[in-house]
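# Coordinate inspection notes
These are the residues of each chain, in order.
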Amino acid sequence: MKEAVDSEDGKLLKEAMVDEMASLHKNEAWGLVELPARRKPIGRKCVLKKKKNAKGKVEKYKARMVAKGYS
């Protein structure tokens, strides 16, 4: 993520990440809970994408928080 934020589009990508986290919080999509004994937490990563129109011009920057691995 640091590489993306430090890029020339970094400000717009960071804004997309903040919007995604706000959306997850608003929709109560996740919450902090106690981890059961002898269990590992599921990892997560942020997927960043540039949405382009038919002419190839960037229209929108999107970020998605996704789970890594399986439970």
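Residues numbered from 1 in each chain as written. Predicted model: local features only at pLDDT ≥ 70, side-chain atom pairs only at ≥ 80, totals over all residues. Heavy atoms only, no water.

## Notes on the overall build of the protein
Here is the rule: Put simply, DSSP marks the helices as runs of H or I at least four residues long and the strands as runs of E at least two long, and each gets a number from the N terminus on. Here the term buried applies to any residue with accessible area under 20% of the maximum for its type, exposed to any over 50%, and partly exposed to those in between, with areas from a 1.4 Å probe on protein chains only. By definition, residues are in contact when any of their heavy atoms lie within 4.5 Å. Residue exposure ignores everything except the shown protein chains as possible cover, and the areas themselves are Shrake-Rupley values with a 1.4 Å probe. For the charge count, each Lys or Arg is scored as positive and each Asp or Glu as negative, with His and the chain ends excluded. Charged groups are reduced to one reference atom each: NZ for lysine, CZ for arginine, CG for aspartic acid, CD for glutamic acid.
The secondary structure content of the protein amounts to two helices and two strands. Across the protein, helices and strands are ordered from the amino to the carboxyl terminus as α-α-β-β. C-alpha extents for the protein along the principal axes are approximately 50 × 25 × 20 Å. Counting over 71 residues, the protein shows a buried share of 15%. For the protein, the proportion of contacts with a sequence separation of at least 24, taken over those separated by at least 6, is 38%. As displayed, the protein offers around 6,700 Å² of accessible surface, 52% of which is attributable to carbon and sulfur atoms. Distance between charge centroids for the protein: 6 Å, based on 19 positive and 10 negative side chains.

## With respect to the confidence of the model for the protein
Low pLDDT means the predicted coordinates in that region are not meant to be read closely. Convention followed: Values of pLDDT, the confidence the predictor places in each residue, fall between 0 and 100.
Of all residues in the protein, 97% have pLDDT values of 70 or greater, and the mean over the chain is 87. Mean pLDDT in the protein bottoms out at helix α1 (residues 2-6), which sits at 79, and peaks at helix α2 (residues 10-26), which reaches 90.

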